[in-house]
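For reference, the chains in residue letters:
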Amino acid sequence: MATDERPLQLVDKVLAYVSSPFRLFALVLMAVLTFAGYFVYTNQDLLIGAYKESKKIPTIAEDRVEDAAAHLFKQSGALVVAVFKVNSMFGTRILYRAYGKNGRDRTNDGLDVGLFTVNQNNNADVIKLMASEIPCGEYKSAQSEMGLWYIAKGVAYTCRISVPPEPGRFVGQITVGWATQPEDMDSTRAMLQIAATMLSRSKQ
């Protein structure tokens, strides 16, 4: 009988302890921290493995960004060139460098515009980028905070390409903007392909 009463006594003690909202909050917080600690301890190999794998994810060739931007300005008559680092695993797309006609613009450096967003036009373009397509079209309204910068620079037409320009390896993105659609779109797409390939291979 005494053994059966122990669980009830424990419950009575817990109920007595949480007699105030503060104590209830403290109890819940301790339970959450205990569970989090247990989860980390029991899954430490998995978490360490995931961290190591994230370090192996390829990225853009940072030493070629200036060259790629200069190539696009010269060969396509662009108004702006923006280069992003993409991490599909974490859903991030972070601005690495942005250039206008007068050179580099640091206004939005480090800005994460996200990968998939609430903007359906953006999401449609991302799917095309993942399939190694080059989505181009009129840019009438901003799809992100970067879009406001494009429009402020006079951009009304854009093209995007993934880095590298191959299916299934989406680690970066180049966005190029013009005031109007380029006359020779085949040539423009070819120049984008060259720029994306440049960012896929480091000089070192």
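Figured I'd write up the structure that's included with this text.

### Digging into the overall build of the protein chain
No. 1: When its secondary structure is counted, the protein chain shows seven helices and six strands.
No. 2: Overall, the protein chain shows an N-to-C arrangement of helices and strands of α-α-α-α-β-β-β-α-β-α-β-β-α.
No. 3: A buried classification covers 37% of the 204 residues belonging to the protein chain.
No. 4: Considering only contacts within the protein chain whose residues lie at least 6 apart along the sequence, 55% involve residues at least 24 apart.
No. 5: Carbon and sulfur atoms form 58% of the exposed surface of the protein chain, whose accessible area is close to 12,500 Å².

### A word on the pairing of strand S5 (residues 157-163)
No. 1: Within S5, seven of the seven residues are buried, which leaves it mostly tucked inside the rest of the structure.
No. 2: Side chains Tyr157, Cys159, Ile161 and Val163 of S5 all project onto a buried face; the interleaved residues Thr158, Arg160 and Ser162 project onto the opposite face, where all are buried too.
No. 3: Where strand S4 (residues 136-138) lies against S5, three bridges are found, and the strand directions are antiparallel. If you follow Gly137 over to S5, its bridge partner there is Thr158.

### Points about unusual backbone geometry
No. 1: Cis peptide bonds are those with omega within 30 degrees of zero, and the linkage from Val163 to Pro164 qualifies with -10°.
No. 2: In this model, Ser132 sits at a positive phi of 65°, which is unusual for a non-glycine residue.
No. 3: Assignment of secondary structure puts Ser132 in the loop between helix H5 (120-130) and S4.

### Quick word on the environment of Ser88
No. 1: Within the fold, Ser88 resides in the loop between strand S1 (80-87) and strand S2 (92-100).
No. 2: Judged by its relative accessible area of 38%, Ser88 falls in the partly exposed class.
No. 3: For the pair Ser88 and Arg169, spaced 81 residues apart in sequence, the C-alpha separation works out to 9.4 Å.
No. 4: Once residues lying within four places of it in the same chain are set aside, the contact partners of Ser88 are Leu115, Met130 and Phe170.

### Brief notes about the state of the cysteines
No. 1: For the coordinates displayed, the defined rule picks out one disulfide.
No. 2: The partner cysteine of Cys136 in its disulfide is Cys159, sulfur to sulfur 2.0 Å. Taking the sign of the torsion about the S-S bond as the criterion, the disulfide between Cys136 and Cys159, at about 115°, is right-handed. With Cys136 in strand S4 and Cys159 in strand S5, this residue pair connects regions lying 23 residues apart in the sequence.
No. 3: Take Cys136: its relative accessible area is 26%, and that puts it in the partly exposed class.

### Some words on the packing of helix H4 (residues 65-76) against helix H7 (residues 185-198)
No. 1: H7 packs onto H4 with a crossing angle of 170° between their chain directions and a minimal axis gap of 9 Å. When the axes of H4 and H7 are compared, the pair comes out roughly antiparallel. Contacts between H4 and H7 pair Asp67, Ala68, His71, Leu72 and Gln75 from the former with Met191, Leu192, Ile194, Ala195 and Met198 from the latter.
No. 2: For the contact of H4 with H7, the class distribution of residues is seven nonpolar, two polar and one charged.

### Focus: the pairing of strand S6 (residues 172-178)
No. 1: For S6, the buried fraction is high: seven of the seven residues fall into the buried class.
No. 2: Going residue by residue along S6, you find Gly172, Ile174, Val176 and Trp178 tucked away on one face and Gln173, Thr175 and Gly177 tucked away on the opposite face as well.
No. 3: Where S1 meets S6, six bridges bridge the pair, whose relative direction is antiparallel. Note on S6: the bridge partner recorded for Phe84 is Gln173.

### Here's the deal with the nonpolar core
No. 1: Counting 26 residues, the largest nonpolar core has Leu72, Val81, Ile174 and Val176 as the members making the most contacts within it.
No. 2: Only H4, S1, S2, S5, S6 and H7 provide two or more residues apiece to this core.
No. 3: If one sorts the elements of this core by residue count, H7 sits on top with six residues.
No. 4: Leave out the neighbours within four places in its chain, and Val176 touches Leu72, Ser76, Ala78, Val80, Val81, Tyr157, Thr158, Cys159 and Leu192.

Rules of the game
Residues numbered from 1 in each chain as written. Predicted model: local features only at pLDDT ≥ 70, side-chain atom pairs only at ≥ 80, totals over all residues. Heavy atoms only, no water. Helix = DSSP H or I, 4+ residues; strand = E, 2+ residues; numbered from the N terminus. Buried < 20%, exposed > 50% of the residue type's maximum accessible area, 1.4 Å probe, protein only. Contact = heavy atoms within 4.5 Å. Areas by Shrake-Rupley, 256 points an atom, 1.4 Å probe, with all protein chains shown as cover. Pairing = 2+ DSSP bridges. Disulfide = S-S within 2.5 Å. Axes fitted to C-alpha atoms, helices over the stretch in contact; angles between N-to-C directions. Parallel < 35°, antiparallel > 145°, perpendicular 65-115°, else oblique. Nonpolar A, V, L, I, M, F, W, Y, C, P; charged D, E, K, R; others polar. Core = buried A, V, L, I, M, F, W, Y, C linked by side-chain atoms within 4.5 Å.

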